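# Structural features, examined
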Amino acid sequence: MNRSATNEPVLVTGGAGFIGSNFVLQWVRAGGAAINLDLETYAGNPANLNELNGNPRHLLIRGDICDAMLVRSLLAQHQPCAVIHFAAESHVDRSIVSPGEFIRTNVQGTFTLLEEAKAYWQALGESRRDQFRFLHVSTDEVYGSLAPDDPAFTETTPYAPNSPYAASKAASDHLVRAYFHTYGLPALTTNCSNNYGPLQFPEKLIPLVILHALEGKPLPVYGDGANVRDWLFVGDHCSAIRTVLEHGRLGETYNIGGNSERKNIEVVRAICALLDELQPAASKHEELITFVKDRPGHDRRYAINAEKIRSELGWQPSVSFEQGLRQTVEWYLANQAWVENIRTGAYREWIQRNYEKREGK
Ligand code: NAD
Ligand code: DAU
């Protein structure tokens, strides 16, 4: 079944955030319909979806995934053929400062969605019940940290979450697994590496460095800058989710990655080099690089073995890190109004709170 070619909507949670809004835009452009439930926290931005204003194939509802009655009524009213679950508190540094919100949304919220999706799915007629899917979007951080020469994470790597964020996502993954095994809910889970691209809230490394560099502010690199992440362009993550939704085997998990491991310092230098070319300043942007106090419990390295999704479902990334980073820098340069809209008091408060305590490493 090609769910984006039918009139049956999908229920997307967190579709006003970074990856969720990229997914919804891609989905509706492809002809699909989406009901989008988003609490519009600091990370949720309805302006990400401006292109869909007035489009009858998209409905944005401001609400909480922990609100069982709301979720129940949306399922009953809109009769979706799938739930695609992005909604989460997603920033590791915030989870260190205030973990409670992460437990509430990522664990309690996922549990609420599973309970409501189960009841809805059980009451469907046979053919719609067979077609229904619950796709849970998760992270590679559940696997913990790798040493430099360790093999990349596979789907059977034991869980070893190290931050409150990663622990809350691991808990949600286990709940999804349990709902498949115990109740037969047709669930799928994806565990993806670091995303980057248009519409990312500038608390995360890549957009934060782009915006600080444009303002001539210090570029804060945690610790020695040698922590490694695998980077995937957001559009490729969205296409992988669509592939798993349509062709994934029920109850399975799929790792998604970009085959692009980079040290943080290499990422920051690459952004500086692009800005030197696209928006030259009086001095080289690299001169703004400042090593600051490390993140507590900072995972050293993540790496994804994405062989399962490649060999079983034929998905692989289409955008190289160099192409994707250039597109991303160009997007932030071309979308200054979006950036200004994001730089609210709450955003400035977070930047002050997170970075003032890191000064003078
Ligand atoms: P984000 O922080 O940009 O967006 C999260 C969205 O969820 C926001 O729109 C927010 O308003 C919404 N939300 C938060 N709490 C909610 C609640 N209680 N009810 C309804 N909506 C709520 O996050 P993102 O980077 O787009 O990540 C999306 C998902 O993908 C998350 O589940 C995250 O764990 C996962 N993921 C992210 C990455 C990454 O690199 N960003 C990588 C792998 C997996
Ligand atoms: O791996 C997938 C995960 O990637 C997702 O599950 C998370 O939702 C997403 O936020 C991301 O987590 P990270 O912690 O890896 O992303 P972040 O952009 O916060 O940091 C990337 C690396 O850069 C990390 O090693 C910490 C470092 N860093 C980050 C910031 C914000 C800095 O050196 N300086 C910074 O100012």
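Structure first, text after, so check above.
An account of the accompanying structure is given in this report. (Residues numbered from 1 in each chain as written. Chains lettered and ligands numbered in written order. Predicted model: local features only at pLDDT ≥ 70, side-chain atom pairs only at ≥ 80, totals over all residues. Heavy atoms only, no water.)

With mixed pairing, three strands are arranged side by side in an open sheet as β7-β9-β11. Of all the strands in the sheet, just β7 (194-196) and β11 (261-263) have a single pairing partner and so form its edges. If you compare each strand with its neighbour and ignore which way they point, the axes differ by 50 degrees on average. Sheet topology places β7 next to strand β9 (residues 228-233); three bridges connect them, and they run parallel. Bridge pairing links Y196 to F233 in β9. (Pairing = 2+ DSSP bridges. Helix = DSSP H or I, 4+ residues; strand = E, 2+ residues; numbered from the N terminus. Axes fitted to C-alpha atoms, helices over the stretch in contact; angles between N-to-C directions.)

This part takes up the nonpolar core. Counting residues in each nonpolar core, the largest one holds 71 residues, and the members touching the most others are I84, I206 and I309. With residues near it in sequence (within four places) discarded, I84 still touches V10, L11, V12, T13, F23, L135, V137, I241 and L245. Counting 23 residues, the second-largest nonpolar core is a separate cluster that includes L11, I61, I65 and A87. (Core = buried A, V, L, I, M, F, W, Y, C linked by side-chain atoms within 4.5 Å. Buried < 20%, exposed > 50% of the residue type's maximum accessible area, 1.4 Å probe, protein only. Contact = heavy atoms within 4.5 Å.)

Here the focus is the site of ligand 1. Taken together, 30 residues lie around ligand 1, and I19, D38, S90, Y165 and K169 are the ones closest in. Within the backbone of G17, one N or O atom sits 2.9 Å away from an oxygen atom of ligand 1. Interatomic distance of 3.0 Å between a side-chain N/O atom of T105 and a nitrogen atom of ligand 1. For ligand 1, whose free accessible area comes to 840 Å², the fraction covered by protein is 97%. Counting residues per element, the ones that place at least two in the shell around ligand 1 are α1 (18-29), α4 (100-122), β5 (133-139), α6 (164-183) and β7. At three residues, the largest contribution of residues to the shell around ligand 1 is made by β5. (Near = heavy atom within 4 Å. Polar contact = N/O pair within 3.5 Å; in protein donor to acceptor, adjacent residues only side chain to side chain. Areas by Shrake-Rupley, 256 points an atom, 1.4 Å probe, with all protein chains shown as cover.)

This next bit is on α4. Taking 1.5 Å as the rise per residue, α4 with 23 residues should run 33 Å; its terminal C-alpha atoms sit 32 Å apart, in good agreement. Approximately 30 degrees is the largest bend angle found in α4, and it occurs at G109. (Expected span 1.5 Å × (residues − 1). Bend = angle between axes of the 7 residues up to and from the residue.)

Among the 25 residues in the neighbourhood of ligand 2, the closest are listed as D140, Y165, R295, H298 and Y355. Interatomic distance of 2.6 Å between a side-chain N/O atom of Y165 and an oxygen atom of ligand 2. When isolated, ligand 2 has an accessible area of 690 Å², and the protein chains bury 95% of it. Take the shell around ligand 2: its biggest share by element is three residues, from strand β8 (residues 219-222). Its residues assigned to classes, the shell around ligand 2 comprises ten nonpolar, eight polar and seven charged. (Nonpolar A, V, L, I, M, F, W, Y, C, P; charged D, E, K, R; others polar.)

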